[in-house]
Number of protein chains: 2
Amino acid sequence: MYRFSDRLKDLNGTATREILKLTSRPDIISFAGGMPASECLPRAEIADITAALLSGDGATAILQYGKTEGYAPFVEQAAEYLLRLGIRVADDGIQVLSGGQQGLDLMCKAFLNKGDTVLVENPTYLAFLQIAKTYEANIVGVDADGDGLVLYDLESKLKRYAPKLLYVVPTFSNPTGKTYCAENRRAIVELCERYGTVIIEDDPYSRLRYDGADVPPLKTFDRNGTVVFVTSFSKTVAPSLRAAVAAGPPEAIRKLSIGKQGADVQSPALCQAIVAEYLRRGYFYPTLAKNLAVYKTRRDAMLAALDKFMPDGVTYTRPDGGLFIWATLPHGIDAAAMLPEAIANNVAYISGREFFADGGGANTVRLNFSSSDEARIDEGIATLAEIIKRKTGERRK
Amino acid sequence: MYRFSDRLKDLNGTATREILKLTSRPDIISFAGGMPASECLPRAEIADITAALLSGDGATAILQYGKTEGYAPFVEQAAEYLLRLGIRVADDGIQVLSGGQQGLDLMCKAFLNKGDTVLVENPTYLAFLQIAKTYEANIVGVDADGDGLVLYDLESKLKRYAPKLLYVVPTFSNPTGKTYCAENRRAIVELCERYGTVIIEDDPYSRLRYDGADVPPLKTFDRNGTVVFVTSFSKTVAPSLRAAVAAGPPEAIRKLSIGKQGADVQSPALCQAIVAEYLRRGYFYPTLAKNLAVYKTRRDAMLAALDKFMPDGVTYTRPDGGLFIWATLPHGIDAAAMLPEAIANNVAYISGREFFADGGGANTVRLNFSSSDEARIDEGIATLAEIIKRKTGERRK
């Protein structure tokens, strides 16, 4: 009956958001989400900070309208946080966001006309694919290997499509958990600069490192304003505060601000102030260290369970950090078609196909290990392995 | 250097947002904003509620990821709030928003293709014009008179343009302070239904009534899903909580949810929970009553100052509520060109031209009376009157 826009009329909800509704049942062992562990959320610290903020002199400024660009103490703390990642930005080089995802949306809003090309790693974060669809973009996947993007494939697509944007999650990628090496990062920045393609470097996960050494952000190789770096405190402080920032060249950041004026005027200052104070008081790094120990245990538990239960023909990544393991099932098993059976057996995951720009990945799954304790991880993986064995057996018959 | 999108490449910031940066100087008497009075913000109540929320059982749910549709206790309280306005909605007929403005953006996202027509009252809320521009819409103004929209003009434009959307602020309109009468509302709904045009009824102000009786929302005349009602707690609780909802037919609300998944995943649950508890505890109506007394005094002070100081040839509205008085200056005075002189004399306003879809209004100004006390209102209006007299004198020479 309604004359909806072309961008939305055939678009359904994202798999992660829709499955979140299903898997809020406590009997479900969910490997589907991408959430920090609820028991790792710093409730007491946030309660303490919030009480101080709302009884202090700054309370009025926190409740009243404020600048679209962001609440000044949060911008200041975010700048310091970025500096520890090796990223130095100008005063007008930061835009506060309502969650990192808003940065992806605003970047598309600022750059993409209908039909413009955006390059993504194949597979990539499914919500970015959804966003790019709402801007009616031409989404083209770039091949990747163990080092990062395959450079000759990237260059040939930069040449062929003159894309406006390249979107990457270079550290503990969603969905694969992969990290691009430093040389690959430098080469990506140089290539994109040469072809005039702006890079969205999405970094929700780099602080969640359990092994190995940090790799510098793409942004640190950027000399000419080619990279907009988007990072978020959703995974390291609390998701529902939606505290995140974009950092980049002022000319591009200004367009994000104008886009945000229309989209939602400003992010809630209370949420920004809480995270600012959390950083200022020095809660961030010690709490993170405690939480990393929890996540490392869970990653190891999932890898151990996969090693123990999965039949031959199932392969999976061994990520140094992040929230996900990426598994490839025996050829011919359709992970999306298998999902109802898994849910009937109280286990959920996201089928990998959702993450591919141009099809494929039918036999892949994304498994999140942060939201379940070791016993449930073991039980859930055992259940999944049974289902996969049954499917493999059926196919043999 | 950057290849920005057509929608943003020539778009500058909205006048209200840009002037907010200027007028944060305490020596400026600002009639430019549209903010509730800072001294009316319920700081103590919010501090109290927040402490209880963050120490209670629900704290984890408030900090963790939640549903895009909204935090359930807020949706429930919002439904009750709507019922008091005469609006009954289905369970899946509410979408939580990050500020009412997000509802306007998501409605455009859900309905407008490039070049589609959207009708607006002339003049209308300037941010809506900005939003519609980012969707590259054809924006057409509809004439208005003391009763509301001029119905024959509305119908002729419904016929001529087959617009996807009509946007109205029917109660204490921004910028004019005008309220449409009940008969006009009923007729608008019937006409739009007949022509298949969806109405965005934006209601940030109807609770800010100082005189007269409530007029039922357009939504109460809607029998067939023609109206999406957007309302916000920014003006009545606290702007920076960004707590707002859209209410309407589930099929349209579903598209807003899908649009919001991409835009920002979800609104902060903490902010939603604060407003939910503020309503549940019964703080809303008594605090509102106290604040209305403050605003009424300020409206009266501004009207008295206008009566006292303004020269012949200046006319202005006498609104029963809301936050704005709309003044028309003598023909030939350009309010935008006069603004730098006003600011040099420490007074700010928004030039009326910003609110017109199709030009005009050069000699109009929007004056906000909620943010200054009576003495400063008197002083600011006296200063403005002096400048206008000088301009009128110059023109006579």
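Residues numbered from 1 in each chain as written. Chains lettered and ligands numbered in written order. Predicted model: local features only at pLDDT ≥ 70, side-chain atom pairs only at ≥ 80, totals over all residues. Heavy atoms only, no water.

Engineer: Would you take a moment to explain the sheet that holds strand β3 (residues 117-121) of chain B for this structure?
Structural biologist: Hydrogen bonding along the main chain pairs the strands of a sheet, whether they run parallel or antiparallel. Residue and element names in this part refer to chain B. The strand order across the open sheet formed by 7 strands is β2-β10-β9-β8-β7-β3-β4, and the pairing between neighbours is mixed. In this open sheet, the two strands that pair with only one neighbour each are β2 (94-98) and β4 (138-142). Neighbour to neighbour, the strand axes of the sheet diverge by 20° on average, direction disregarded. Sheet topology places β3 next to strand β7 (residues 165-168); 3 bridges connect them, and they run parallel. Counted as the bridge partner of Val-120 is Tyr-167 from β7. Contacting β3, β4 and β7, helix α8 (residues 151-161) runs over the sheet at an angle of about 160° to β4. Helix-sheet contacts for helix α9 (residues 182-195) involve β7, β8 (198-203) and β9 (227-232), and the interaxial angle to β8 is about 150°. (Pairing = 2+ DSSP bridges. Helix = DSSP H or I, 4+ residues; strand = E, 2+ residues; numbered from the N terminus. Axes fitted to C-alpha atoms, helices over the stretch in contact; angles between N-to-C directions. Contact = heavy atoms within 4.5 Å.)

Engineer: Where do I start with the interface of chain A and chain B in this structure?
Structural biologist: Many analyses report the size of an interface as the accessible area lost when the parts associate. Across the boundary between the two partners, chain A contributes 90 residues, which contact 90 residues of chain B. At the boundary of chain A with chain B, total buried surface from both sides reaches about 7,400 Å², with 54% on carbon and sulfur atoms. At the junction of chain A with chain B, the criterion picks out 2 salt bridges. Of the charged contacts in the structure, one is a salt bridge between Lys109(B) and Asp105(A), with a shortest N-O distance of 3.9 Å. Sorting the residues of the side of chain A that touches chain B by element identifies α1 (6-9), α2 (15-22), α3 (43-55), α4 (59-63), α6 (100-111), α7 (126-134), α10 (250-264) and α11 (269-280) of chain A as the ones contributing at least two each. When residues of the side of chain A that touches chain B are assigned to their parent elements, the largest contribution, 10 residues, is made by α10(A). Across the side of chain A that touches chain B, the residue classes tally to 40 nonpolar, 30 polar and 20 charged. (Buried area = accessible area lost by both parts, 1.4 Å probe. Salt bridge = Lys/Arg side-chain N within 4 Å of Asp/Glu carboxyl O. Nonpolar A, V, L, I, M, F, W, Y, C, P; charged D, E, K, R; others polar.)

Engineer: Just to check I follow, could you spell out the relation of the copies chain A and chain B for this structure?
Structural biologist: Superposition of the two copies of the chain requires a rotation about an axis together with a shift along that axis. In screw terms, the move from chain A to chain B is a rotation of 180° and a rise of 0.0 Å along the axis, fitting with an RMSD of 0.0 Å. Such a combination of turn and shift is consistent with a two-fold rotation axis. Distance from the rotation axis, computed per C-alpha, reaches its smallest value in chain A at Ala51(A): 3.1 Å. Both copies share a contact surface, since 100% of the interface residues of chain A are interface residues in chain B too. (Least-squares fit on C-alpha atoms with pLDDT ≥ 70 in both.)

Engineer: Is there a simple way to think about unusual backbone geometry in this case?
Structural biologist: Of all residues except glycine, most have a negative phi; of all peptide bonds, most are trans. In this structure, the amide linkage connecting Asn122(A) to the following residue, Pro123(A), adopts the cis form with an omega of 0°. Within the element layout of this structure, Pro123(A) appears in the loop between β3 (117-121) and α7. With an omega of 20°, the peptide bond between Asn174(A) and Pro175(A) qualifies as cis. Take Pro175(A): it is sitting in the loop between β7 (165-168) and α9 (182-195). Of note in the backbone geometry, Glu136(B) takes a positive phi value of approximately 55° without being a glycine. You can see Glu136(B) is positioned in the loop between α7 (126-134) and β4. Overall, Glu136(B) belongs to the partly exposed group, its relative accessible area being 22%. (Buried < 20%, exposed > 50% of the residue type's maximum accessible area, 1.4 Å probe, protein only.)

Engineer: Explanation requested: the packing of aromatic side chains in the structure shown.
Structural biologist: In this description, an aromatic ring pair is defined by two values, namely the gap between the centres and the angle between the planes. Counted according to the given criterion, the structure contains 28 aromatic pairs over all chains. Both rings, one in Phe74(B) and one in Phe233(B), keep their centres 5.9 Å apart while their planes meet at 65°; by these two values the pair is edge-to-face. Here Phe233(B) lies in the loop between β9 and β10 (243-247) and Phe74(B) lies in helix α5 (residues 72-84), a separation of 159 residues in the sequence. Comparing Phe74(B) with Phe233(B) shows no difference in burial state: the two are buried. Within the aromatic cluster, the residues linked to one another by ring pairs are Phe74(A), Tyr81(A), Phe233(A), Phe284(A) and Tyr285(A). Here the guanidinium or amino end of Arg84(A) rests over the ring plane of Tyr285(A), the centre of that ring lying 3.8 Å away. (Phe/Tyr/Trp six-rings, centres within 6.5 Å; stacked < 30°, edge-to-face > 60°. Lys NZ or Arg CZ within 6 Å of the ring centre and 35° of its normal.)

Engineer: I'm lost on the packing of α6(A) against helix α10 (residues 250-264) of chain B in this one. Help?
Structural biologist: When two helices pack together, their arrangement is given by the angle between the helix axes and by the axis-to-axis distance. As a packed pair, α6(A) and α10(B) sit with axes 6 Å apart at the nearest point and diverge in direction by 100°. Relative to α10(B), the element α6(A) is oriented roughly perpendicular. Contacts from Gln101(A), Gln102(A) and Asp105(A) in α6(A) reach Gln261(B), Gly262(B) and Ala263(B) in α10(B). Class assignment for the residues of the contact of α6(A) with α10(B) results in 1 nonpolar, 4 polar and 1 charged. (Parallel < 35°, antiparallel > 145°, perpendicular 65-115°, else oblique.)

Engineer: Explanation requested: the sheet that holds strand β14 (residues 350-351) of chain A in the structure shown.
Structural biologist: Residue and element names in this part refer to chain A. The strand order β11-β12-β15-β14 describes an open sheet built from 4 strands, whose pairing is antiparallel. Among the strands making up the open sheet, the edge pair consists of β11 (315-316) and β14. Across 2 bridges, β14 lies against strand β15 (residues 364-368) in antiparallel orientation. Counterpart to Ser-351 in the pairing with β15 is Val-365.

Engineer: How do you make sense of the pairing of β3(A) when you look at a structure like this?
Structural biologist: Both faces of the sheet carry side chains from a regular strand, because those side chains alternate between them. All names here are of chain A. Taking burial as the measure, the 5 residues of β3 include 5 buried ones, the bulk of the element. Alternating residues of β3 divide into Thr-117, Leu-119 and Glu-121 and Val-118 and Val-120, and every residue in both groups is buried. With α7 bridging β3 and its parallel neighbour strand β4 (residues 138-142), the resulting β-α-β unit is right-handed. (Right-handed = clockwise from strand over helix to strand, strands pointing away.)

Engineer: Could you clarify how one ought to interpret the pairing of β10(B) in this entry?
Structural biologist: Residue and element names in this part refer to chain B. Within β10, 5 of the 5 residues are buried, which leaves it mostly tucked inside the rest of the structure. Of the two faces of β10, both are covered, the one formed by Ala-243, Val-245 and Ala-247 as well as the one formed by Ala-244 and Ala-246. Where β2 meets β10, 5 bridges bridge the pair, whose relative direction is antiparallel. Its bridge partner lying in β10, Ile-94 is registered against Ala-247.

Engineer: In this structure, what is going on with the state of the cysteines? I would like to understand it.
Structural biologist: Here a disulfide denotes a covalent bond joining the sulfur atom of one cysteine to the sulfur atom of another. Taken as a whole and assessed by the stated rule, the structure comprises 0 disulfides over all chains. You can see Cys181(A) has no disulfide; the closest cysteine sulfur is in Cys192(A), sitting 15 Å from it. (Disulfide = S-S within 2.5 Å.)

Engineer: Would you explain the pattern of salt bridges in this entry?
Structural biologist: Pairs can form between side chains of opposite charge once their charged atoms are near each other. Per the counting criterion, the structure on display carries 50 salt bridges over all chains. With a shortest N-O distance of 3.6 Å, Arg194(A) and Glu155(A) are connected by a salt bridge. Highlighted residues: Arg194(A) in helix α9 and Glu155(A) in helix α8 (residues 151-161), separated in sequence by 39 residues. Arg194(A) gets classed as exposed once you look at its relative accessible area, which sits at 58%. Between Lys219(B) and Asp222(B) there is a salt bridge, and its shortest N-O distance comes to 2.9 Å. Bridged by salt links that share partners, the residues Asp48(A), Glu277(A), Arg280(A) and Arg281(A) form one connected network.

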